[in-house]
Structure formats: C-alpha cells, structure tokens
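Structural overview
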Amino acid sequence: MRHFVAAVAVSFLLVTAGCSGILGGSGPSVDISATPVAVPSDPTWPPGVNETSVSNVTALMAGHRDALSNQAAVIHIERTTTQLCEEQAAPHGDADTCENATVIRDGFSEGKYSANHSHHSARGYTFANSTHMERARTSHYHTYGEGEQLYINQTHDGNSSYQVVYDQYASSADPDEPSLPRMLRQDRVAEVLGQMEAVDVSVIQESPQKRYRITARGFEDSREILEQYDANDIKSSQLSMVVTETGAILSSEYSYTLIHDEGPRRYEYAATLKYPDTLSPAKPDWISTMNGADMPPGLNTSGISNSSALTTAHESALANQSATIHYSSGREGAQSVVVGPNADQFRLVTRSRDDVREIASNGSVTYAFNGSEGYQVQQVDNPEQARSNLTHGEFVSRVLHTAEEAAALRVRGENVRTESPVYYLSGTIEGNETSLEPAVNGSVEEIRFRAEITSNGLVRHAYLYYTMTEDGERDRYRESIWFGNVGNTTVSEPPWWGEGKWLVGENATGQRELVDSHEAALGNQSLYIYTTNQTESQTDSGQFLFESSTRREGRIAANGSHYRVDIQRYNQSANGSTRDRVVAWANGSARFERTNVDRDSYEYTLVRDEQGNVTDPAALLQVERIDGDDIEMLLSTIEVDSISAHNRGTSGDTLTVEYRLSGHNVTDRAAFEAWTGHENVSALYMEMTVRDGVVRAYQLEYDTTENGTTDRISREVRMHNIGRTEVPFPEWVETARERTNKST
C-alpha cells in the first residue's frame, strides 16, 4: 500500500494541523455527552490511556492511524471563529450575551474514503470576513482522488478553477510509519490534547464496542499551539473526544478564547467520524472534462520522461519571441532581461551586492553602463557574447534534468479544462542520486526543485534549492528564473541611452547633437554660474614670478532681464599681493557696480555707454555661461580619451547619469591656440561634465611657454540650478542709486 502524505490538497487549507483559524458551518452535531458506565474490574484501555489520564498522546494517535489504515471512513469537520466583545475576555464568557459578537470565519469539510483509501472524495466551504480584509470572501471546493490522481474543483468568490495532481503520493512518508490522509489524522486534536493541564477518562459504552470519553481543560503551555501567545492569553479552553479501545477517534471537539491583538476571539472545532464496512465514493461528472489536456513533449502524468525533448520545446516556445526574464542566484546576484524578437534588441541589468551593470542593444549598436558610480560607458564590440545567455538555457536544462532523475516527483495540472493549462513539477532529490555537477563548490546533500510548464513546453518559472556542505559548514543556495510577457514585451531604451550614444567612439555628429541639446535646454533659462581663472608664472628654472586669479559668481534671471555678479581678484608677485572685489547688479535699464575701496568703504558706479545711455555690463564683469562655441571648440580640438558615468540617483523609474569626458592631447593646435590666445601649449588636461544633455561644467588646464617663462593656465566654469535660480535685489543698490543720482 502507498504511504500517504497528502490526500486532499485543497482541504489542507481548511483542516490542516497547525492552523490557528477555525472553520465551521452546517453539519451533524457531535454528541459526546453520554453518561459514563461502571468501570469493569479488568478494563482494556486505548493505547496511551489509563483510567485517570492520557499518558502518551503519541501512542493514542498511532492507535488511531492503525485502526484506520485499511478502513473505510467518513469524516465531517466544522470550525468557527467568533470575534467577541471585550467583556467576554473573562473565563467562560458567553458569546450569546454580546450583541456585537461576529463570526469572522467559518466553514465545514466532509471527506469520504474507501477501505484502502485509493478512492476518496471531499467537499468543503469557507467564509472569511476578518477586520483586516477589504471584503468578505467565500470559497467552495470539491475533490476526488482515484489511485495516483487527485482532481480539484475550486470556486473563490464565484471564480472556478480546475486542477489535477497526477501523482498525489509521490513525496512519500517514512515507509515504516503508516500514514493517513491528512483529513483523517486528527493531528491538531492531538496537539491540543497534549498541552492540556487537566485530563479525565471515563468508559461510556461497554458493548457492542467499548467507547471511552476523554475530557481536558486548561492549556499548560499554549506556545506549542500558538507560537506568538502564552498561556495567559488563552481562556476557557476545553476538549472532549470519544475513542474506541483500539484508539480510533469517533468524535472530537475543542474550543478556547484567545485574547488576540484585535480583541478576544472564540475558536471552536468539532469532528465526527463514521466507519462503514464498505464505501465507494462516486466520481463527479465534472472530472470527465479534465482528461483531454495536451502535455508538452517529454512530460507525462508520472513526471519527465525526456528532459532533452522538454528543453527543446522550451527553446522553441521562446524562439523569435520577445520576453521579460528574471534570473537570480544566491551567490552571484540577479539579472533582469528585456529581450526582443531574435534577441537583436535587449536590455540586460545585472545586480550584485556591490555593483550594477547594464548592457543594451538596439540591434545595430550595443553599449554597456558598468557600475553604480564611477565606471565607464563603453561600446560593446562583441554583443553576441552578452546575447548568448540571455535566456539562461543551461540553468533551465539543469532544472529539467534534475526533475527527470528524481524518484519522488509530484506533477500537478492547473486550468486543465482550458486551452492553456499549466503543469507544476516539484520534488526532492538526494545529492548522491543525481549525476549533475553542482553549480557551486561544495558537496550537495539535497536538491529541492520546482518548475511551472505551459502546454507548449515553456518553463515559465523554475528554481533549484541546494542544501550543501562546504569546508565543514552547512549552507543553502538557490537559483531561480521567471519568464513573463512572452511575445508581448517591448524593449525600451535605458535612461542613459540618449546621452550615452554620442559619448562612445569617434562621433562628430554626436558633438553637434550635444551642442544643439545644450543650447536648446539652456535657452533663456535662469541659472547660477561660477567661474575661476588662474595663472601661475615661473621661469624655466622654476623660479616663481607671479600668480593671479579671478573668481566670478553670477546669477542671471530668465531672459537675462536682470542679474547679479560678484568678482574677486587676487594677485601676488615678489613685490607683495593685492586683492579687490567688484559686485554688479543690473535690471535691464540700469547697471550698478560696487567696488571695495578698503574693508569698510565702497565706491559706486553707474555704467553708461559712449552716448551716455545705460549699457549692458562691461566685458570684464559679464555673466559668462557655457555656450555652444565653447563646447564645440573643446571637443573638436582636444581628443577625448576617457569617459566615465556616475549615478546621480533616480527620480521615479528614471536613472540620472552624469558623464565626465576627459582628454590630454590637442588634436588641432592652430584652432586651439587661436581660441585661447596662447602658443606652445603642453601638459594639457580637460574635463567636461554632462547631465541631461547639458554641459554643466568644464575644467581646462595647460602650460604655455614663451621667452623662458612658463605660465600654468587654469579655467573652470560650472552652471547650476538651471531654470531654478532667483536673483534677489541687493540692499546696496539703493545706496548706489542715491550716490549716482539715478532713480531707475
């Protein structure tokens, strides 16, 4: 006889041991109130029971299993959970006296089993309406077991689904430990009984078969029953059951009040069992429509007969199809792939604990964005290598091969009445039973696996879960993959693609695109500008001659209507050093300047043109921004030899990437020297910062030599707060107006 672990898959949800929820409904009541009879002088007690107590609950339940091992049976179970009022938290509170007591969960389960349990049927109902649920839910189920196969018909809130488990007993229990279908085992009753403080035993029937009533009350240690509670949280606990002298349970019921986080709740359970001589559960009519579903090549109701054929079917299902793929490895990180038909277009993101890498291709060019910050964007010269393992075919093949070798394999079909059924494979294989080489170092003790396979062979989800030993330490390792939106995936360019494409390789058109993008984005926007110019001069022998620097900080309003600029100059030579500062403000009709005469005194000036009209700022005090000519001159006269990308964070689903271009060699010396006004340029360094299609900053340094003197020229320009800069009115302008007799 096969040893049972799982009999009625859906009924597990309703009657499984360890479930703290209570189910109930309409069904026969449990009568365990028979009057005790006199105890015989030489009584025979059920296993694990004596006249004063239950000394061994395990022995009692073993007797129950033995009695039912080849016995037809009918079981009816009711469960109820009631939300009580606060005043009913006291012992022996009466739910009927509380107007606000509410049944938040109830239901029933009924199962019928043939003598050898090879045929069985079950039905059930559950209603749930707890406080944290958005709405009440109802579920009905009907199952039928016939030999190896289990058929399931479920309805949740009016939506029906059909399943078939082709080998319901594949994961067998210990062959030396006879096992019952879970619904008949009464494990939960045993757990509750084993934790009761006071237990009484009485004989209630002598003939034709001896029957015993066991009653108990008071939890000794409720943590064994409900892990998050202790004995003080449970009130009014009691249990009664009727058993035969062989230990077969005829009826059982228990109840208790739990002081729950959401208020006191009353849990009630009742079960009756009948044992007819013969029973042949009827096969429901709805099963006849569940036997015609097509299975993919290499898969049958017993498991995988040909993993190679199933792997080929999987690859065929993906051929020329777009898809979204997620692969994860406990030691290597995770990969997310969006791939188009023929894999010409794809976007691959690889994440590890310390790094993020991304490769994207539009079919004609492939770029890589490596790292979360400080790494390079580069063109991929051999995209076939990245494209070759997008679907992780080796891993899928390994999962199917593992399932093919497994002796204990469960196969379940879902929605088998439709045109697109899904088949679920699950099981366990010992490490010494597989011919597969482990994917990681170590000695494999056990591999658990699961796969979901559609009727055309697509393995839409799969995982391997290794338990292994490495260097004397036990470890666990998991690999998994998921395929979604097959045939319905659109490959979009990554956020960095628009900026990255012109940054790679020799791309004069890209330089023009950047200039156009920069000027279009800058337009007449307000902005903040910071500029420094510095010259350090020395002789060829290294003798210092002089140093001069100018720092310019400016704010300009939209459309240039008004602006502020602050200029500080510093000069140092063998004769000493000087400093001065000029601040200017303009509003379109007037421009005022304030110059520091000394620390606490100023000179005010109104700038006019030759005709005496108010003019634009003098060249020295202009607000200088980065314009397109600057960008084009830098990129056309200097070789860009390094490009780095830096992650500046995300906004929603958009990744903000900042690019830094750097170069050291002048490629067009005549044009560069004409632009800078310096000859004999050497030791050059240039860096340009680009974000969102705008050159935010550039830095330029070089040496220029003439007549035995070398000057180190440095220039840096940075722009910030584009479109978000305010130009506050400075208080000193009122003084400037008074002193220059200008009222504008």
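This text follows the structure it describes.
Everything in this summary refers to the structure shown in the same document.

Cut-off values and rules
Residues numbered from 1 in each chain as written. Predicted model: local features only at pLDDT ≥ 70, side-chain atom pairs only at ≥ 80, totals over all residues. Heavy atoms only, no water. Helix = DSSP H or I, 4+ residues; strand = E, 2+ residues; numbered from the N terminus. Buried < 20%, exposed > 50% of the residue type's maximum accessible area, 1.4 Å probe, protein only. Areas by Shrake-Rupley, 256 points an atom, 1.4 Å probe, with all protein chains shown as cover. Axes fitted to C-alpha atoms, helices over the stretch in contact; angles between N-to-C directions. Parallel < 35°, antiparallel > 145°, perpendicular 65-115°, else oblique. Left-handed = near helix turned anticlockwise from the far one by under 90°. Contact = heavy atoms within 4.5 Å. Nonpolar A, V, L, I, M, F, W, Y, C, P; charged D, E, K, R; others polar. Polar contact = N/O pair within 3.5 Å; in protein donor to acceptor, adjacent residues only side chain to side chain. Patch = residues over 30% accessible without salt bridge, like charges linked within 9 Å, V, L, I, M, F, W, Y side chains within 5 Å. Salt bridge = Lys/Arg side-chain N within 4 Å of Asp/Glu carboxyl O. Phe/Tyr/Trp six-rings, centres within 6.5 Å; stacked < 30°, edge-to-face > 60°. Lys NZ or Arg CZ within 6 Å of the ring centre and 35° of its normal. Pairing = 2+ DSSP bridges. Core = buried A, V, L, I, M, F, W, Y, C linked by side-chain atoms within 4.5 Å.

Before going further, it helps to spend a moment on the overall build of the protein. Regarding its fold elements, the protein presents 12 helices and 35 strands. Split into buried and exposed, the 744 residues of the protein put 46% on the buried side. Here the protein has roughly 36,300 Å² of accessible surface; of this, 41% comes from carbon and sulfur atoms.

Packed helices, taken two at a time, are described by the angle between their axes plus the distance between the axes. Contact geometry of helix 2 (residues 57–68) with helix 4 (residues 187–194) gives a least axis separation of 10 Å together with a crossing angle of 160°. It follows that helix 2 is roughly antiparallel to helix 4 by the angle criterion. Crossing hand, helix 2 versus helix 4: right-handed. Facing helix 2, whose interface residues are Val-57, Leu-60 and Met-61, helix 4 presents Ala-190, Leu-193 and Gly-194. Its residues placed into classes, the contact of helix 2 with helix 4 shows five nonpolar, one polar and no charged.

What follows concerns the side chain of Ser-114. Secondary-structure assignment places Ser-114 in the loop between strand 2 (102–113) and strand 3 (119–128). Given a relative accessible area of 8%, Ser-114 falls into the buried group. Within polar-contact distance, the side chain of Ser-114 engages the backbone nitrogen of Ser-118 at 3.3 Å. In this view, Ser-114 contacts Gln-71, Ala-72, His-119, Leu-279 and Pro-281; residues no more than four positions away in its chain are not counted.

What follows concerns the packing of helix 5 (residues 307–318) against helix 7 (residues 393–405). Relative orientation of the contacting elements helix 5 and helix 7 amounts to 150°, with a least axis distance of 9 Å. As for the relative orientation of helix 5 and helix 7, their crossing is right-handed in sense. Between helix 5, through Ser-307, Leu-310, Thr-311 and His-314, and helix 7, the contact on the second element is made entirely by Val-396, Ser-397, Leu-400, His-401 and Glu-404. Counted by class, the contact of helix 5 with helix 7 contains three nonpolar, five polar and one charged residues.

A contiguous nonpolar surface patch, about 240 Å² in accessible area, is contributed by Phe-544, Leu-545 and Phe-546. As for its placement among the helices and strands, Leu-545 is situated in strand 26 (residues 544–556). Here Leu-545 falls in the partly exposed class, since its relative accessible area comes to 31%.

On inspection of all chains with the given rule, the structure shows 10 aromatic pairs. Aromatic rings pair up to connect Tyr-254, Tyr-256, Tyr-267 and Tyr-269 into one cluster. Its end group placed over the ring of Tyr-602, Arg-594 keeps NZ or CZ at 4.2 Å from the ring centre.

Our next topic: the environment of Gln-195. Here Gln-195 lies in the loop between helix 4 and strand 7 (196–205). Taking the relative accessible area as the measure of exposure, Gln-195 reaches 15% and is therefore buried.

Where side chains of opposite charge bring their charged atoms close, a pairing between them can arise. Throughout the structure, instances matching the rule amount to 20 salt bridges. In this structure, the salt-bridge partner of Arg-450 is Glu-452, at a minimum N-O distance of 3.5 Å. The salt bridge involving Arg-581 is made with Asp-566; its shortest N-O contact spans 2.5 Å. Taken together, the residues span a long stretch of sequence, with Arg-581 in strand 28 (residues 576–586) and Asp-566 in strand 27 (residues 563–573) at a distance of 15 residues. A relative accessible area of 13% places Asp-566 in the buried class.

Another aspect to go through is the pairing of strand 29 (residues 591–596). Judged from the five bridges that link them, strand 28 and strand 29 form a sheet pairing that is antiparallel. Across the sheet, Val-583 pairs through a bridge with Arg-594, a residue of strand 29. Inspection of the sheet shows strand 29 paired to strand 30 (residues 602–606) by five bridges, in the antiparallel sense. Paired with Glu-593 across the bridge in strand 30 is Thr-605. From the end of strand 29 to the start of strand 30, which pair antiparallel, there are five residues.

Bringing the nonpolar core into the picture now. Formed by 49 residues in total, the largest nonpolar core has its most connected members in Val-339 and Ile-481. Leaving out residues up to four positions away in the same chain, Val-339 has contacts with Ser-322, Ala-323, Ile-325, Gln-345, Phe-346, Leu-390, Thr-489 and Val-491. Formed by 41 residues, the second largest nonpolar core is a distinct cluster that contains Tyr-141, Leu-184, Leu-193 and Leu-239.

What follows deals with unusual backbone geometry. Residues Ser-207 and Pro-208 are joined by a peptide bond in cis, for which omega reads 0°. Tracing the backbone shows Pro-208 in the loop between strand 7 and strand 8 (211–219). The backbone of Gln-186 sits at a positive phi, close to 60°, despite the residue not being glycine. Locating Gln-186 in the fold gives a position in the loop between helix 3 (182–185) and helix 4. A residue is classified by how much of its surface remains accessible, and Gln-186, at 3% relative accessible area, is buried. At Asn-707, a position not held by glycine, the phi torsion is positive, near 55°. Mapped onto the elements, Asn-707 comes out in the loop between strand 34 (694–706) and strand 35 (709–720). Owing to a relative accessible area of 75%, Asn-707 belongs among the exposed residues under this scheme.

Secondary-structure assignment places Ser-237 in strand 9 (residues 234–244). The spatial distance from the C-alpha of Ser-237 to the C-alpha of Tyr-267 is 9.4 Å, given a sequence separation of 30 residues. In contact with Ser-237, other than residues within four places in its own chain, are Met-196, Ala-216, Arg-217, Gly-218, Phe-219, Ser-255 and Tyr-256. Reaching out from Ser-237, the side chain makes a polar contact with the backbone nitrogen of Gly-218 at a distance of 3.0 Å.

Note that every value here comes from positions in space, so none of it alone points to a role or purpose.
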